Amino acid sequence: MKSNELREKYLAFFETKGCTRRPSDVLVPRWDPSVLFTPAGMNQFKDHFLGRCKLEFTRATTCQKCLRTGDIDNVGRTAYHHTFFEMLGNFSFGDYFKRDAIHWAWEFLTDKKWLALDPNRISATVYLDDDEAAGIWLNEIKLPPERLQRLGEDENFWPANAPSQGPDGVCGPCSEIYYQTEFGSVEIWNLVFTQFNRVGDPPHNLRPLPSRNIDTGMGLERTAAVLQGVDTNFHIDILRPLVEASGEVCHVRYEPESETGRRLRRIADHVRACTFAIHENVIPGPNKEKYVIKRLLRRAVLDGHQMGMREPFLHKLVARWPN
Ligand code: SER
């Protein structure tokens, strides 16, 4: 299944569940001083979760362009890390909750009409004391107990470690869904049960929100890699051509296992992130988001330099994104 088809299927599936399809928010949310770049699909709905704005809909679905730098050193080295990526999401603002979120995720993944993935290769995790989510997985979905794990706040709370370390704001326990491929286990979807507003340090810092919400995030590139049977996100239909094009403009052949392969994957990732950011007028500079983009550009140029490039080359890749 092509990435474009996956994106469309996801949004269409959640429309059948009453979700309103909304566009991606911008990548640089200047209205939100707490982040430099949009880190997740839920970012545009923070006020909805807090009950601070008038709701025209209580269910939504999006494909959000995101940029995160927390895993920057892994980009190009590992199969599944990016700076820029697309996150598919479905959201509930005081409407459906855990039961529907888990059942619909299962239906979308396994039903023949949708992704038709092998149910025997799916496993899940839940937060330590989340008996409700565990019960739904075990008793309703009938997930075998050996494929359900209970993990702590570092894995199964979003944001990770929010109860003890913050940041303040909306948060909740989550349930992550993994798929076993021939290359290993891939985390493809995070279902967050957004039910708290964190205020200050523990104890007693998790205040129940006015309503219980759902925030889910499925990695488009990871799920496409699973569906396309490839060993890394960088080999899916919308990324491999860009990696190969990076090789072309740098006059080297793309050999996935080599150091050159790692550099070309990193160039492809970083040029994608920079292109989207510059499209929103983030010009490389000394501060904040401008500095992040400057660093990404520098890293990509350095990779090219170390492969012998002495002339500008990144700009040639901007037009090479496949449709
Ligand atoms: N906000 C959660 C995440 O980023 C789910 O979308 O993983």
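Computed from a predicted structure; not experimentally measured.

## What to know about helix 8 (residues 240-249)
Within an α-helix, residues lying three or four positions from one another point in the same direction, as the helix has 3.6 residues per turn.
Part 1 of the reasoning: The complete set of buried residues in helix 8 reads Leu-242, Val-243, Ala-245, Ser-246, Gly-247 and Val-249.
Part 2 of the reasoning: Contacts made by the buried residues of helix 8 are with helix 9 (259-279).
Part 3 of the reasoning: Backbone geometry just after helix 8 places His-251 at a positive phi near 60°.

## Structural notes on the domain arrangement of the chain
Part 1 of the reasoning: Segmenting the chain into domains produces domain 1 (3-228) and domain 2 (239-318).
Part 2 of the reasoning: Using C-alpha coordinates to define each centre, domain 1 is positioned 29 Å away from domain 2.
Part 3 of the reasoning: Taken together, the contact pairs 19 residues of domain 1 with 20 residues of domain 2.
Part 4 of the reasoning: Together domain 1 and domain 2 conceal approximately 1800 Å² of surface at their shared face, both sides included; 61% is due to carbon and sulfur atoms.
Part 5 of the reasoning: For the pair domain 1 and domain 2, the interface holds three salt bridges.

## Overview of the site of the ligand
Part 1 of the reasoning: Contacts to the ligand come from Ala-40, Met-42, Arg-68, Met-87, Trp-158, Asn-190, Val-192, Asp-215, Thr-216 and Gly-217.
Part 2 of the reasoning: Contact distances for the ligand include 3.4 Å between an oxygen atom and a side-chain N or O atom of Trp-158.
Part 3 of the reasoning: Contacts to the ligand include Thr-216, whose backbone N or O atom sits 3.4 Å from an oxygen atom.
Part 4 of the reasoning: When the ligand is considered free in solution it has 230 Å² of accessible area, and contact with the protein chains removes 95% of it.

## Some points on the pattern of salt bridges
Part 1 of the reasoning: Tallied over the full model, the rule gives 25 salt bridges.
Part 2 of the reasoning: A salt bridge links Asp-32 to Lys-46, with the nearest nitrogen and oxygen atoms 2.7 Å apart. Placement of Asp-32 in the loop between strand 1 (20-21) and helix 2 (46-49) and of Lys-46 in helix 2 is noted, with a sequence separation of 14 residues between them.
Part 3 of the reasoning: Linked through salt bridges whose partners overlap, the residues forming this network are Glu-259, Arg-262, Arg-263, Arg-266 and Asp-303.

Rules used throughout
Residues numbered from 1 in each chain as written. Predicted model: local features only at pLDDT ≥ 70, side-chain atom pairs only at ≥ 80, totals over all residues. Heavy atoms only, no water. Buried < 20%, exposed > 50% of the residue type's maximum accessible area, 1.4 Å probe, protein only. Helix = DSSP H or I, 4+ residues; strand = E, 2+ residues; numbered from the N terminus. Contact = heavy atoms within 4.5 Å. Domains from an automatic or database assignment. Buried area = accessible area lost by both parts, 1.4 Å probe. Salt bridge = Lys/Arg side-chain N within 4 Å of Asp/Glu carboxyl O. Near = heavy atom within 4 Å. Polar contact = N/O pair within 3.5 Å; in protein donor to acceptor, adjacent residues only side chain to side chain. Areas by Shrake-Rupley, 256 points an atom, 1.4 Å probe, with all protein chains shown as cover.

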